[in-house]
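# Observations on the model geometry
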Amino acid sequence: MRYLLYVWVICILTVNVNAQVAKDTVAAKRYKIAVFAPLYIDSAFVGYTYKLGATSMPRYIMNGLDFYHGVMAAIDTMNKQKLPLEVQIYDTKKAEQSIGQIIGNIGYEKIQLVIAAVTNVQEQQALASYAFNNNIPVVSATYPNDAGLSMNPFYIMLNSSLRTHIDAQFQLLSKQYSKSSIVVFSKQGALEDKIKQQLKLLNANNTLRIKLINLADNFTEDDVLLHLDSTKQNIILCGSINEQFGVQLAKHIAAAKVYKTTLLGMPTWATVNAFEGSSFNNIEVVYTTPFNPAKTSIANNVQAAYRNKYGGRPSDMYLRGYESTLYFARLLVKHGSDQLLQQINTGQKVISEFNIQPAFTADDSYAPDFLENKKLYYLKRFEGKVTIW
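## Description of the overall build of the chain
Along the backbone of the chain there are 11 helices and 17 strands. Whereas a compact globule of 389 residues would reach a radius of gyration of roughly 21 Å, the chain reaches 23 Å, a difference of no more than 12%. Principal-axis analysis of the C-alpha atoms gives the chain an extent of 70 × 55 × 40 Å. For the chain, the share of sequence-separated contacts (at least 6 apart) that also reach a separation of at least 24 residues comes to 70%. For the chain, the accessible area works out to roughly 18500 Å², and carbon and sulfur atoms hold 49% of it. Positive and negative side-chain charges of the chain, numbering 38 and 30 respectively, have mean locations separated by a distance of 7 Å.

What follows is the structure, encoded as structure tokens:
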């Protein structure tokens, strides 16, 4: 923690200064990138004095800090490659400034690419407007919500939307379990209603035998087992992104070991530590994620470098900062700002594969509302083993 705190103090000194990559490169053109991250510098420091005391740094601060360090690691990599870039870092949580005012600070700069760790709809809408009004690609590296996006081919969402995850789970059900009876357990809620409505639309021709079951908030094991069959493999889809609901559903199913079950879950399950234990070893747990969870050679190198510098393992936010910056900065240098969107899927893979395609928030949309990463990885946990495809 002390070392991370020291590094963050250094971050404060550099955050408003151009991080020039390839300083010794003689290049006629230097590409400019703006990075937006929730650093909360004004909330944690008075000048250069840390004001939160000896307590652990809050999680909401650590997320932005991890993303920033991932970006800086990518800059170190590009510095070694002598890429002609300038990277500017902006704190989206700067005190007494709205996100619109913070974005306005880059108005006089000739920015050609924006990479952002978005945290809410207001930030997304402001950055999307900036992208559309200036014809500049804005890469949302972390935020999976498509709210407020409309007819904007310059806004790129790497963390796939819930709609895309439901599409992927339906495709899996259609491919592998088309002859099975499928039970969808859900609850009351606005997002849950959207999930149920999407499943109904996808299954409009009744190609799958799907039964929708709404459970109360205090549902019991009997409420779940009532809809299962002990004589065959049960195929279940959790129809809620609420983590507590999903874990409770899995616990009830796993406790009844006589029921063989494949449980398909939500993208939020990628960060649920409970599924990493042995409590659910007797059921197949399957969920999707847009970020490659496999230990590739590059991922191993990134983790080793992080361990040597900070100790421990890099967080998901660190990896998102590293991967998004390195992938899109290389694209910018190779193809220029005018051709970046046309060549968006031709970049050199860092850790995850991207398949960025036009996305539509409504079936009757006549133009793309944004661009979205449609590449998802399936992850299955069963009997202590993890399978990725």
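## Observations concerning the sheet that holds strand β11 (residues 234–238)
Ordered in space as β10-β9-β11-β12-β13-β16-β17, the 7 strands form an open sheet in which the pairing is mixed. The sheet is open, and its two edges are formed by β10 (209–214) and β17 (385–388), each paired on a single side. Averaged over all pairs of adjacent strands, the angle between strand axes in this sheet comes to 20°, irrespective of strand direction. Sheet topology places strand β16 (residues 377–382) next to β17; 4 bridges connect them, and they run antiparallel. Its bridge partner lying in β17, leucine 379 is registered against isoleucine 388.

## Concerning the pairing of β11
Summarising burial for β11: 5 of the 5 residues are buried, a large majority. Where burial is concerned, the two faces of β11 agree: the one with Asn234, Ile236 and Cys238 and the one with Ile235 and Leu237 are both buried. Where strand β9 (residues 181–186) lies against β11, 4 bridges are found, and the strand directions are parallel. Paired with isoleucine 182 across the two strands is isoleucine 235, which belongs to β11. Looking at chain direction, β11 and strand β12 (residues 261–264) are connected through 4 bridges and run parallel. Residue pairing across strands places isoleucine 235 opposite threonine 262, the latter belonging to β12. In the classification by handedness, the crossover that spans β11, the intervening helix α9 (residues 243–255) and the parallel β12 is right-handed.

## What to know about the nonpolar core
Of all hydrophobic cores here, the largest spans 46 residues; its most connected members are Phe185, Leu249 and Trp269. Apart from residues lying up to four places away in sequence, leucine 249 is in contact with Phe185, Leu215, Phe219, Val224, Cys238 and Leu263. Listed in part, the 45 residues of the second largest apolar core include Ala37, Met78, Ala299 and Val350.

## Observations regarding the confidence of the model for the chain
Regions with low pLDDT carry predicted coordinates that are not meant to be interpreted in detail. Scored by pLDDT, the chain has a mean of 89; 90% of the residues are at 70 or more. Ignoring residues within four places in sequence, the model shows residues 1–27, a span with pLDDT below 50, making 59 contacts including any to other chains.

## Observations concerning the packing of helix α3 (residues 59–80) against helix α11 (residues 316–339)
Packing of α3 against α11 leaves a shortest axis separation of 7 Å and a crossing angle of 40°. Handedness of the α3/α11 crossing: right-handed. Counted together, Asn63, Asp66, Phe67, His69, Gly70, Val71, Ala73, Ala74, Thr77 and Met78 of α3 and Met317, Tyr318, Arg320, Gly321, Tyr322, Ser324, Thr325, Leu326, Ala329 and Arg330 of α11 form the full contact between these two elements. For the contact of α3 with α11, the class distribution of residues is 10 nonpolar, 7 polar and 3 charged.

## Some words on the pairing of β16
The pairing of strand β13 (residues 284–289) with β16 spans 5 bridges and is antiparallel. Its bridge partner lying in β16, valine 285 is registered against arginine 381. The turn linking β16 back onto β17 is made up of 2 residues, and glutamate 383 within it adopts a positive phi angle of 55°.

## Concerning helix α5 (residues 121–134)
The first and last C-alpha atoms of α5 sit 20 Å apart over 14 residues, in line with the 20 Å expected at 1.5 Å per residue. For α5, the set of buried residues is Glu123, Gln124, Leu127, Ala128, Tyr130 and Ala131. Viewed along the axis of α5, the buried residues span an arc of 160°, placing them on a single side of the element. Structural note: α5 exposes Gln122 and Asn133 on the side pointing more than 90 degrees away from its buried face. Taken together, the buried residues of α5 touch β2 (31–37), α4 (99–104), β6 (113–116), β7 (138–140) and β8 (155–157). At the N-terminal boundary of α5, the capping side chain belongs to asparagine 120, with an oxygen 3.2 Å from the backbone nitrogen of glutamine 122.

Reading the values: the criteria
Residues numbered from 1 in each chain as written. Predicted model: local features only at pLDDT ≥ 70, side-chain atom pairs only at ≥ 80, totals over all residues. Heavy atoms only, no water. Helix = DSSP H or I, 4+ residues; strand = E, 2+ residues; numbered from the N terminus. Rg over C-alpha atoms; globule rule 2.2 N^0.38 Å. Contact = heavy atoms within 4.5 Å. Areas by Shrake-Rupley, 256 points an atom, 1.4 Å probe, with all protein chains shown as cover. Lys, Arg positive; Asp, Glu negative; His and termini not counted. Charge placed at Lys NZ, Arg CZ, Asp CG, Glu CD. Pairing = 2+ DSSP bridges. Axes fitted to C-alpha atoms, helices over the stretch in contact; angles between N-to-C directions. Buried < 20%, exposed > 50% of the residue type's maximum accessible area, 1.4 Å probe, protein only. Right-handed = clockwise from strand over helix to strand, strands pointing away. Core = buried A, V, L, I, M, F, W, Y, C linked by side-chain atoms within 4.5 Å. pLDDT = per-residue confidence, 0-100. Left-handed = near helix turned anticlockwise from the far one by under 90°. Nonpolar A, V, L, I, M, F, W, Y, C, P; charged D, E, K, R; others polar. Expected span 1.5 Å × (residues − 1). Arc of directions from axis to C-beta. Polar contact = N/O pair within 3.5 Å; in protein donor to acceptor, adjacent residues only side chain to side chain.

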